[in-house]
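Now for the letters of each chain:
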Amino acid sequence: MRDGEAVTNSNERSTNLTCITYTMTSYICPDPSRPSYCVPTTITFTDCFSTGSTGSGGGFGGPADHNWQPLPKRAIIEVDNALDPPGTLPSVCEPGMVSDRNGGCVPKPDPCDTGNNILDSEEIQSDLLKIWSGSNASSGDIPMDERLEQGGWIIEINGGYDVVFFPPTFLRDPCGISPPSNWKDLIPDNIVGYVHSHPFYIGENTLGPCGAEGETSYEGGPSDPDYIFLMDLMNFLGNFNIAGYVIDGGKIYSYDFRYSAGIKEYNRCGY
Amino acid sequence: MWILKHRQMRYFKRGIILSVLILCAFEMSAQRTAVNSCTSNSRLARYRVEFFLTLPDRKVFREETGATGEKVEQIAIVQDENVCNSLQNFISNNRKFKNIDQSIIDTDKQIYFYKTDNFYYVFWGRKPEFDDRPATGPKTLFIVIKNDLSQFWEYYF
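Bear in mind that the values here come from a model prediction, so they are computed numbers and not experimental data.

Attention now moves to the overall build of chain A. On a plain count of helices and strands, chain A comes out with 6 helices and 12 strands. Across chain A, contacts joining residues at least 24 apart in sequence account for 57% of those joining residues at least 6 apart.

Glancing now at the pairing of strand E5 (residues 151–157) of chain A. Residues and elements named next belong to chain A. Of all the 7 residues making up E5, 5 are buried; the element is thus mostly covered by neighbouring parts of the structure. With 6 bridges connecting them, E5 and strand E6 (residues 160–165) associate as antiparallel partners. The residue of E6 that forms the bridge with Trp 153 is Val 164. Turn length for the E5-E6 hairpin, with the two strands adjacent in sequence and antiparallel, is 2 residues, and the turn residue Asn 158 shows positive phi of about 50°.

Glancing now at helix H6 (residues 224–237) of chain A. Because the α-helix completes a turn every 3.6 residues, residues three or four places apart line up on one side. Between its terminal C-alpha atoms H6(A) stretches 20 Å, which fits the 20 Å expected from 14 residues at 1.5 Å a residue. All of the buried residues in H6(A) are Asp224(A), Pro225(A), Asp226(A), Tyr227(A), Ile228(A), Phe229(A), Leu230(A), Met231(A), Asp232(A), Leu233(A) and Met234(A). At its buried positions, H6(A) is contacted by E5, strand E9 (191–197), strand E10 (243–247), strand E11 (251–256) and strand E12 (259–267) of chain A together with helix H2 (43–54) of chain B. Immediately downstream of H6(A), the backbone of Gly238(A) shows phi near 65°, a positive value.

Residue and element names in this part refer to chain B. One open sheet accounts for 5 strands, arranged E1-E2-E3-E4-E5; its pairing is antiparallel. Single-partner strands in this sheet number two, and they are strand E1 (76–77) and strand E5 (152–156). The pairing of strand E2 (residues 109–115) with strand E3 (residues 119–126) spans 7 bridges and is antiparallel. Bridge pairing links Lys 115 to Tyr 120 in E3.

Approximately 810 Å³ is the volume found for the largest pocket. Lining the largest pocket are 43 residues, and of these Cys175(A), Asp108(B), Lys109(B), Arg126(B) and Ala135(B) sit closest to its centre. Those elements giving two or more residues to the lining of the largest pocket turn out to be strand E7 (171–173), strand E8 (176–178), helix H5 (207–210) and H6 of chain A together with H2, E2 and E3 of chain B. The element that contributes the greatest number of residues to the lining of the largest pocket is E3(B), accounting for 4 residues.

A separate point is the packing of aromatic side chains. Here the distance between the centres and the angle between the planes together describe a pair of aromatic rings. Counted under the stated rule, the structure contains 32 aromatic pairs over all chains. Relative to Phe142(B), the ring of Phe52(B) lies with its centre 5.5 Å away and its plane at 35°, an arrangement referred to as tilted. Of this pair, Phe52(B) sits in helix H2 while Phe142(B) sits in strand E4 (residues 141–146), and the two are 90 residues apart along the sequence. The residues Phe52(B) and Phe142(B) share a single accessibility class, namely buried. Within the aromatic cluster, the residues linked to one another by ring pairs are Trp153(A), Phe166(A), Phe170(A), Trp183(A), Tyr194(A), Tyr227(A), Phe229(A), Tyr255(A), Tyr259(A) and Phe51(B).

Moving on to the nonpolar core. Soluble globular proteins: nonpolar side chains tend toward being buried together. Counting residues in hydrophobic clusters, the biggest one holds 24 residues, and the most contacted among them are Trp153(A), Trp183(A), Tyr194(A), Leu230(A), Leu233(A), Tyr259(A) and Phe51(B). Of all the elements in the fold, those that place two or more residues in this core are E9, H6 and E11 of chain A together with H2 of chain B. In contact with Leu230(A), other than residues within four places in its own chain, are Tyr194(A), Ile242(A), Ala243(A), Gly244(A), Tyr255(A), Asp256(A), Phe257(A) and Tyr259(A). Counting 23 residues, the second-largest nonpolar core is a separate cluster that includes Leu128(A), Ala137(A), Val192(A) and Ala243(A).

Take the pattern of salt bridges next. According to the stated counting rule, one finds 12 salt bridges over all chains in the structure shown. With a closest N to O distance of 2.8 Å, Glu204(A) and Arg147(A) form a salt bridge. With Glu204(A) in the loop between E9 and H5 and Arg147(A) in the loop between helix H4 (122–134) and E5, this residue pair connects regions lying 57 residues apart in the sequence. Residue class for Glu204(A) comes out buried when judged on its relative accessible area of 13%. Between Arg126(B) and Asp108(B) there is a salt bridge, with the nearest N and O atoms lying 3.3 Å from each other. Pair noted here: Arg126(B) is in strand E3 and Asp108(B) is in the loop between helix H5 (95–103) and E2, with a separation of 18 residues, a long-range link. Judged by relative accessible area, which is 29%, Asp108(B) ranks as partly exposed. One network of salt bridges, with partners in common, ties together Asp224(A), Arg48(B) and Arg58(B).

Before going further, it helps to examine the interface of chain A and chain B. Taken together, the 36 residues of chain A in the interface contact 28 residues of chain B. Summed over both partners, the interface of chain A with chain B comes to about 2700 Å²; 56% of that surface belongs to carbon and sulfur atoms. Sorting the residues of chain A by area buried against chain B places Glu213(A), Asp224(A) and Ile228(A) first, and these three jointly supply 26% of that buried surface. Viewed at the interface, chain B and chain A are joined by 5 salt bridges. Linking Asp232(A) and Arg43(B) is a salt bridge whose minimum nitrogen-to-oxygen distance equals 3.0 Å. In this assembly, chain A and chain B are joined by 14 residue pairs in polar contact (both at pLDDT 80 or more). Elements that contribute at least two residues to the side of chain A that touches chain B include exactly E8, E9, H6 and E12 of chain A. Among the elements that make up the side of chain A that touches chain B, the one with the highest residue count is H6(A) (8 residues). By residue class, the composition of the side of chain A that touches chain B is 18 nonpolar, 10 polar and 8 charged.

Conventions used here
Residues numbered from 1 in each chain as written. Chains lettered and ligands numbered in written order. Predicted model: local features only at pLDDT ≥ 70, side-chain atom pairs only at ≥ 80, totals over all residues. Heavy atoms only, no water. Helix = DSSP H or I, 4+ residues; strand = E, 2+ residues; numbered from the N terminus. Contact = heavy atoms within 4.5 Å. Buried < 20%, exposed > 50% of the residue type's maximum accessible area, 1.4 Å probe, protein only. Pairing = 2+ DSSP bridges. Expected span 1.5 Å × (residues − 1). 1 Å grid on protein atoms, 1.4 Å probe; cavity = no way out; pocket = protein on both sides within 12 Å on 5 of 7 lines; lining within 4 Å. Points joined across faces, edges and corners; volume = space filled by probe spheres on them. Phe/Tyr/Trp six-rings, centres within 6.5 Å; stacked < 30°, edge-to-face > 60°. Core = buried A, V, L, I, M, F, W, Y, C linked by side-chain atoms within 4.5 Å. Salt bridge = Lys/Arg side-chain N within 4 Å of Asp/Glu carboxyl O. Buried area = accessible area lost by both parts, 1.4 Å probe. Polar contact = N/O pair within 3.5 Å; in protein donor to acceptor, adjacent residues only side chain to side chain. Nonpolar A, V, L, I, M, F, W, Y, C, P; charged D, E, K, R; others polar.

Keep in mind these numbers describe shape, not what the thing actually does.
Set out below in C-alpha cells:
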C-alpha cells in the first residue's frame, strides 16, 4: 500500500506521527467529454506527518505521492483553453453542482429535452455551459460591461454534434462578436449551425455596455445583425439548412433562413 | 515721398481685400464639405431595410407605419445632400438620437440614411469597410420616418 509507504518514510524521519484519515468522493470518467457518464467513487486514505521532534518545520513526513488518486472530474472536463481565462482553474464541485467559473459552485442545470436534436445532444449542452460560463453572465449581479458574447460553429461529427469555439481573433465585447476579415477561411467542415450568447437577462438596460443605441429593456432573441451573419454564412457555403442559435439569461432561440419568421424559443437548459 | 506712401497704402489695402476674399472662399468650401451628411452604401446595412419590408413578423410594423406598399426594389441610400442634411438635423434635434450619433464618433460605426418612395430609414451600423465580415450583437434601434419628416417610429431589431 502506498499510504503504508508514506508512514514508513515518516517513521524514518520522526518519532512522533499524527495521522489524519481523509474521505474523498471523486469521479472516474471513461469519456471526459461526457460528464454524465462519470462514476462517483469514494476513497479513504490516510496521511501522516511528524509533530515537532525533527525540527524541520513540521511538514509532511513523506513525499507527497497521490498519483493513485483519480483526478476530480471537473478538473478534467471543465478546462477549456478557448474559454477559460489563462491562469485560472475551475473549482471542484459536489455532485449535482458545477463550477460557476468564479471559484464557486452552482446547481447543475436541467438537461435539454426540447425535441431539437442539436440542443438535446449532451455534447452541445456541455458546450452551451462553456459558452455561458465564458460569457461571465451567470447572474444578473455581474456588471454588464464585464460580460462578453461568446460562441462557435456547430458541427456534425461521428453521428453527434459539437461546437468549435470561435478563435481569439473573433473580437468579443458585451454586445457583439466581430470576426476577422478571413473568417470564411476559419469555418470548419460539416457545419450545421452557429451559436452565440447574448449575455443579458430580459428587462436589463443595455445602454451602458452597448452604447446609446442599446435597449432600455433587453427583449431577447436574435437581432438583425445575427440574421445577417447567418445570411452571409449560408450564402458563402451555399447551404441554406444552417441554423443559428442564441442563448441568453432566459431562453434559447433558434432561427433559420426564414430569419425572424423561423424563430423557435426553448426554455433555458444545459447551461 | 507722398506718392510712394500712397502707393504702398493702396497695395496694402488690395492685399488685405485679397486675403479676406481667399479666407471667405476657404470658409464657404469648408462649410459645404461639413454640411454634407450623406454616407455611403453598405451591403450589410441595406439588409436591415430589406428585412423591415419583407419579414412576415414585421408586417404589423409595416402596417403601423403605413409602409406596406414599399418595395425592396425602391431601397436606395440617400444621396441628395439636402435630404441628408434634413435627416441629420432631425437626428440632432432629438436628444436620444443625438446621443447615439455622438456616441459612435471614433468607432467602427456610422449612421445610415436609406429611403424608399415614401419613407426614410435611419439606423447605425458598422461602416461599409466591414462589409466583408458580418458581426453578431443584440437588437439595436431602427427608425422609420415619413418622407415629409412629419412622423417617425422607433423599433429595435
